[in-house]
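Residue strings, one per chain:
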Amino acid sequence: MSTTRRALLGAAVAGAAGATLGLPATAHAASWQQKWAPSATGDGLGAFETVEDDRADSHPAGHPHIFATGDNWRFNMHMVDRDTSTDRQRQEVTGLRTSSSSYLKWNEGQTWRVTYSMYIPSSLKATTTFTHIMQMKQPGAGSSPIVTQSLRRVSGKQTIELTLPVSGTLIGRTDLDPLHDRWTDVDFQIKVGNGTAGSVRWILKSGGTTVIDKSKTGVDTFLADRVRPKWGIYRSLGDTSGSLQDTYLLLTNLRGYQLV
């Protein structure tokens, strides 16, 4: 990503510092404090709390499926790849690591924000079943996702959407086709709250133009323990549209902020 592009994205973060939802009025203005700013070149996969690269060892010849290349993190997905549940595929990273021995914890009552750019090639298509490229989850096996950013076919049309799966709440959805084969800026904000104490905001920008900006308050964004982001490709093999093929996803300029 160019220096100019990084500067523009940084300015957008700073300019929208007061836009988070569901916050009480206070005597002082809350502001976003940057807590995480890894680089693919310098930190590699050390930027993340964990790396789930072919955890079932289904495709050793394809290793590594997740790696840093230049300024980007790349996630490769091959048709032969299988997760431990063989009806699906998963190549993902989790969490925001700040050192070899520490990582950020998103706890109940806190408000967090991640910004980054993603490159979705035309080979990474929306499907009739789930294809997630970002999730928010409680750490540990067997827990439901709290938030998913997904590529989904709706009436045959390719879309990208943000949902809260536990409640079945759709936050927003927009066409995927115009975002293929180009960089898209993502700005995701979450107030971690139980019951109706949570809120989310989801912004996508492409070529400097806002594609979608949707938010919702009064929602459940907490299960237990903490919330942990995940990025990569996690998809079902049950697609009926013929959209599955070898593909990849690129991420760059990942940043994490806490509202304090």
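Residues numbered from 1 in each chain as written. Predicted model: local features only at pLDDT ≥ 70, side-chain atom pairs only at ≥ 80, totals over all residues. Heavy atoms only, no water.

Okay, the side chain of D54 next. As for its position among the elements, D54 is in the loop between β2 (50-53) and β3 (66-69). Here D54 sits buried without a salt bridge, and the closest side chain of opposite charge, R55, lies 8.3 Å off (N-O distance). A polar contact of 2.8 Å, which involves the side chain of D54, links it to the side chain of S58. A polar side-chain atom of D54 sits 2.8 Å from the main-chain amide nitrogen of H59. Ignoring sequence-local partners within four residues, the contact set of D54 consists of H59, P60, H63, H65, R82, R90 and Q91. (Helix = DSSP H or I, 4+ residues; strand = E, 2+ residues; numbered from the N terminus. Buried < 20%, exposed > 50% of the residue type's maximum accessible area, 1.4 Å probe, protein only. Lys, Arg positive; Asp, Glu negative; His and termini not counted. Salt bridge = Lys/Arg side-chain N within 4 Å of Asp/Glu carboxyl O. Polar contact = N/O pair within 3.5 Å; in protein donor to acceptor, adjacent residues only side chain to side chain. Contact = heavy atoms within 4.5 Å.)

Tallying each qualifying case throughout the model produces 8 aromatic pairs. Plain terms: the ring middles of W36 and F48 are 6.3 Å apart, the flat faces sit at 65° to each other, and that makes the pair edge-to-face. In this pair, W36 is assigned in strand β1 (residues 32-36) and F48 in the loop between α2 (40-43) and β2, connecting sequence segments 12 residues apart. Neither W36 nor F48 differs from the other in exposure class; each is buried. Taken together, a centroid distance of 5.0 Å and an interplanar angle of 50° make the contact between F130 and Y234 tilted. Of this pair, F130 sits in the loop between β8 (111-119) and β9 (131-137) while Y234 sits in strand β16 (residues 228-236), and the two are 104 residues apart along the sequence. Taken together, the ring pairs in this structure connect W36, F48, W73, Y116 and W231 into an aromatic cluster. We note R74 situated over the ring of Y248; from NZ or CZ to the ring centre the distance is 4.0 Å. (Phe/Tyr/Trp six-rings, centres within 6.5 Å; stacked < 30°, edge-to-face > 60°. Lys NZ or Arg CZ within 6 Å of the ring centre and 35° of its normal.)

To continue, consider the pairing of strand β11 (residues 157-164). The buried fraction of β11 amounts to 7 of the 8 residues, a majority that puts the element mostly inside the structure. Summarising the sheet, strand β10 (residues 145-154) and β11 pair through 7 bridges and their orientation is antiparallel. Among the inter-strand pairings, R152 is bridged to a residue of β11, identified as T159. Hairpin connection from β10 to β11: 2 residues lie between these consecutive antiparallel strands, with S155 at a positive phi of about 55°. As consecutive antiparallel partners, β11 and strand β12 (residues 169-175) are separated by 4 residues, and within that stretch G168 has a phi angle of approximately 70°, a positive value. (Pairing = 2+ DSSP bridges.)

Before going further, it helps to spend a moment on the pattern of salt bridges. Under the counting rule described, the total for this entry stands at 14 salt bridges. Between E52 and R90 there is a salt bridge, with its nearest N and O atoms 4.0 Å apart. Taken together, the positions of E52 in strand β2 and R90 in strand β5 (residues 88-94) put the pair 38 residues apart, joining distant regions of the chain. We classify E52 as buried; its relative accessible area is 14%. Note that R90 and E92 form a salt bridge whose closest N and O atoms lie 2.9 Å from each other.

Let us look at the sheet that holds β5. With respect to topology, 7 strands assemble into an open sheet ordered β2-β5-β16-β9-β10-β11-β12, the strand pairing being antiparallel. Because the sheet does not close on itself, it has two edges, and the strands there are β2 and β12. Neighbour-to-neighbour, the strand axes of the sheet open up by a mean angle of 20°, direction not taken into account. (Axes fitted to C-alpha atoms, helices over the stretch in contact; angles between N-to-C directions.)

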